[in-house]
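Overview (structure and organization)
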Amino acid sequence: GFLLMGLLFLSACGSNATQGGTKSNNQGNQTKVIKAGIGLNEDHPQGQGLLKFKEIVEEKSGGKLKVQTYFSASLGDDLKMTEALQGGTQEITIPSTSPLAGMIKEFSIFDFPFLFNTAEEADAILDGSVGNKLLKNLPEHGLIGLAYWENGFRHVTNSKHPINTAEDFKGLKLRTMQNKVHIDAFKQLGANPIPMAFSEVFTALESKTVDGQENPLATIKSNKYYEVQDYLSLTKHVYTPFVFLVSKKFWDNLSPEEQQILKDAAVEAGKYQRELSREEDKKSLEELETKIKINEVSDEERQKMAEAIKPVIDQYAKEFGEELVNEMYSQLEKIRQ
Ligand code: TF8
């Protein structure tokens with residue numbers, strides 16, 4: 001008796017976990033609850049984009065698909081949430097591609113420093129054949145990729161001195177994402193890269209475990225890094241995309257109509273999110289001006305940084321598939337003509 005009840009209880013929990021919670025709504029129909037967790041705060045463009053996604057999905061599905069939002073890494077970091085998607089205990093997350101590169105190495109081609117000059121170049125590559133090929137690799141990892149959103153161009157903050165030249169990186173203890181290209185690129189510049197999960201960064205800066213970190217301006221503002229950092233240098237050294245992920249275990253149990261609703265909403269909310277991200281980038285710079293010492297970095301010096309890093313990029317281009325990398329480079333060339 002007890003054993004049977006226990007088993008029934010466990011299997012009830014199991015189905016909840018693997019299929020997204022299902023429960024009856026007022027009409028007696030099944031409502032599917034989608035847990036969507038992200039690493040950044042609700043006020044960040046990533047959070048605002050997720051709220052837009054929720055609004056679209058709930059409206060288009062007539063309330064049959066319900067999106068429950070979790071911000072500020074309350075369900076864990078990018079990597080942990082992505083693993084939860086693979087295991088079927090979480091339905092949606094929108095991580096940076098960079099920390100996923102340990103699992104899906106091709107994503108690392110977007111981590112090459114100084115690859116994109118403008119957000120429009122990034123859009124063209126991500127929404128074109130290269131970005132799509134990478135999304136097609138995801139199902140074999142238990143993931144469905146619906147769209148690319150924007151994290152943005154990254155800049156360096158630290159507590160020691162402004163970064164004006166490549167030499168200024170020497171000896172700087174810099175938190176990086178858990179990504180080989182980032183780690184080796186900063187090593188190449190003479191910095192001392194310390195990879196760690198995003199949610200540990202504020203404390204690491206505050207306790208001076210690291211001297212600095214690098215992230216887009218909207219994150220530097222939203223996560224209040226200016227409270228524990230003195231200098232912001234506009235290095236614009238790399239662009240990071242977000243990838244909109246759905247658990248394949250969950251996805252496979254949806255009807256084609258439900259899948260279409262999620263796909264369309266991820267793309268539509270993504271357009272909104274990218275626009276917001278670009279506005280927020282400008283606004284954040286204005287706001288940060290009163291909170292932290294900001295310096296521009298000349299194109300000449302950025303060029304020198306890029307040259308110093310080039311051997312690292314060439315090595316990784318071979319490792320990640322030169323064909324794909326060359327496809328990306330030739331598309332960029334066309335865009336720039
Ligand atoms: C980083 C990333 C993160 C994002 C966020 C957790 O520095 O830029 O801010 O991936 O989604 O770790």
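Residues numbered from 1 in each chain as written. Predicted model: local features only at pLDDT ≥ 70, side-chain atom pairs only at ≥ 80, totals over all residues. Heavy atoms only, no water.

Let us now look at the overall build of the protein chain. Scanning the protein chain for helices and strands turns up 12 helices and 10 strands. Here the C-alpha radius of gyration of the protein chain, 21 Å, is about what a compact globule of 337 residues would show, namely 20 Å. By principal-axis analysis of the C-alpha atoms, the protein chain measures approximately 70 × 45 × 40 Å. Contacts in the protein chain between residues at least 24 apart in sequence constitute 74% of all its contacts with a sequence separation of at least 6. For the protein chain, the computed accessible surface area is about 15100 Å², with 51% contributed by carbon and sulfur atoms. Computed over 39 positive and 49 negative side-chain charges, the separation of the two mean positions in the protein chain equals 3 Å. (Helix = DSSP H or I, 4+ residues; strand = E, 2+ residues; numbered from the N terminus. Rg over C-alpha atoms; globule rule 2.2 N^0.38 Å. Contact = heavy atoms within 4.5 Å. Areas by Shrake-Rupley, 256 points an atom, 1.4 Å probe, with all protein chains shown as cover. Lys, Arg positive; Asp, Glu negative; His and termini not counted. Charge placed at Lys NZ, Arg CZ, Asp CG, Glu CD.)

Take the pattern of salt bridges next. Summed over the entire model, instances satisfying the criterion amount to 20 salt bridges. Arg278 is the partner of Asp123 in a salt bridge, and the nearest nitrogen-oxygen pair spans 2.8 Å. Of the two residues, Asp123 is situated in helix α4 (residues 119-127) and Arg278 in helix α10 (residues 256-288); the sequence distance between them amounts to 155 residues. A relative accessible area of 21% means that Arg278 is categorised as partly exposed. A single salt-bridge network, built from bridges that share partners, covers Asp123, Asp127, Glu150, Arg274 and Arg278. (Salt bridge = Lys/Arg side-chain N within 4 Å of Asp/Glu carboxyl O. Buried < 20%, exposed > 50% of the residue type's maximum accessible area, 1.4 Å probe, protein only.)

For the rest of this paragraph, the subject is the packing of aromatic side chains. The full count for this structure, using the stated rule, is nine aromatic pairs. Taken together, the ring pairs in this structure connect Phe53, Trp149 and Phe244 into an aromatic cluster. Stacked on the ring of Tyr272, the Lys or Arg Lys52 has its end atom at 4.7 Å from the ring centre. It is Lys236 that lies over the ring of Phe153; its NZ or CZ is 4.6 Å from the centre. (Phe/Tyr/Trp six-rings, centres within 6.5 Å; stacked < 30°, edge-to-face > 60°. Lys NZ or Arg CZ within 6 Å of the ring centre and 35° of its normal.)

The immediate surroundings of the ligand are formed by Gly39, Leu40, Gln46, Asp78, Ser96, Asn151, Arg154, Arg175, Met177, Phe198, Asn215 and Phe242. Separating an oxygen atom of the ligand from a side-chain N or O atom of Arg154 is a distance of 2.9 Å. Measuring from an oxygen atom of the ligand, one finds a side-chain N or O atom of Asn215 at 2.7 Å. In the complex, the protein chains occlude 98% of the 320 Å² of accessible area that the ligand would expose alone. Tallied by class, residues from the shell around the ligand come to four nonpolar, five polar and three charged. (Near = heavy atom within 4 Å. Polar contact = N/O pair within 3.5 Å; in protein donor to acceptor, adjacent residues only side chain to side chain. Nonpolar A, V, L, I, M, F, W, Y, C, P; charged D, E, K, R; others polar.)

To continue, consider the side chain of Thr82. Along the chain, Thr82 falls in helix α3 (residues 78-87). When residues no more than four places from it in sequence are discounted, the contact partners of Thr82 are Thr93, Pro95, Leu100, Met103, Leu143 and Leu245.

With respect to the helices and strands, Glu121 occurs in helix α4. In this structure the side chain of Glu121 is engaged in a polar contact, spanning 2.8 Å, whose partner is the backbone nitrogen of Asn117. Within the structure, the side chain of Glu121 is placed 2.7 Å from the side chain of Arg336, a separation counted as a polar contact. With residues near it in sequence (within four places) discarded, Glu121 still touches Leu115, Phe116, Leu332, Ile335 and Arg336.

In this section: the confidence of the model for the protein chain. Averaged over the protein chain, the pLDDT score is 93; the fraction of residues at 70 or greater is 91%. For the protein chain, helix α1 (residues 2-19) is the element with the lowest average pLDDT, namely 44, and strand β4 (residues 92-93) is the one with the highest, namely 99. Low pLDDT, under 50, characterises residues 1-19; the stretch is placed with 12 contacts to residues that sit more than four places away or in other chains. A low-confidence stretch, residues 24-28 (pLDDT under 50), is modelled with three contacts involving residues beyond four sequence positions or located in other chains. (pLDDT = per-residue confidence, 0-100.)

Among the residues making up α4, those that are buried are Ala119, Glu121, Ala122, Asp123, Ile125 and Leu126. On its buried face, α4 sits against α5 (129-136), β5 (143-158), β9 (231-247), α10 and α12 (322-336).

All right, on to the packing of helix α6 (residues 180-188) against helix α11 (residues 299-320) then. The geometry of α6 relative to α11 is characterised by a closest axis approach of 8 Å and an angle of 155° between their N-to-C directions. Taken together, the axes of α6 and α11 lie roughly antiparallel to each other. Crossing hand, α6 versus α11: right-handed. For the pair α6 and α11, the contacting residues are Lys180, Val181, Asp184, Ala185 and Gln188 in the first and Ala308, Ile309, Pro311, Val312, Tyr316, Glu319 and Phe320 in the second. Across the contact of α6 with α11, the residue classes tally to eight nonpolar, one polar and three charged. (Axes fitted to C-alpha atoms, helices over the stretch in contact; angles between N-to-C directions. Parallel < 35°, antiparallel > 145°, perpendicular 65-115°, else oblique. Left-handed = near helix turned anticlockwise from the far one by under 90°.)

Moving on, we come to the pairing of strand β6 (residues 173-176). Of the pairings in the sheet, the one linking β6 to strand β7 (residues 192-195) comprises four bridges and is parallel in character. Its bridge partner lying in β7, Leu174 is registered against Pro193. You can see the chain leave β6, run along α6 and come back into β7, and the turn it takes is right-handed. (Pairing = 2+ DSSP bridges. Right-handed = clockwise from strand over helix to strand, strands pointing away.)

A positive phi is found at Phe114, a non-glycine position, where the angle reads about 60°. Mapping Phe114 onto the fold places it in the loop between β4 and α4. Exposure remark for Phe114: the relative accessible area of 18% places this residue in the buried category. One non-glycine residue with positive phi stands out, namely Lys208, at about 60°. Note on placement: Lys208 falls in the loop between α7 (201-206) and β8 (212-215).

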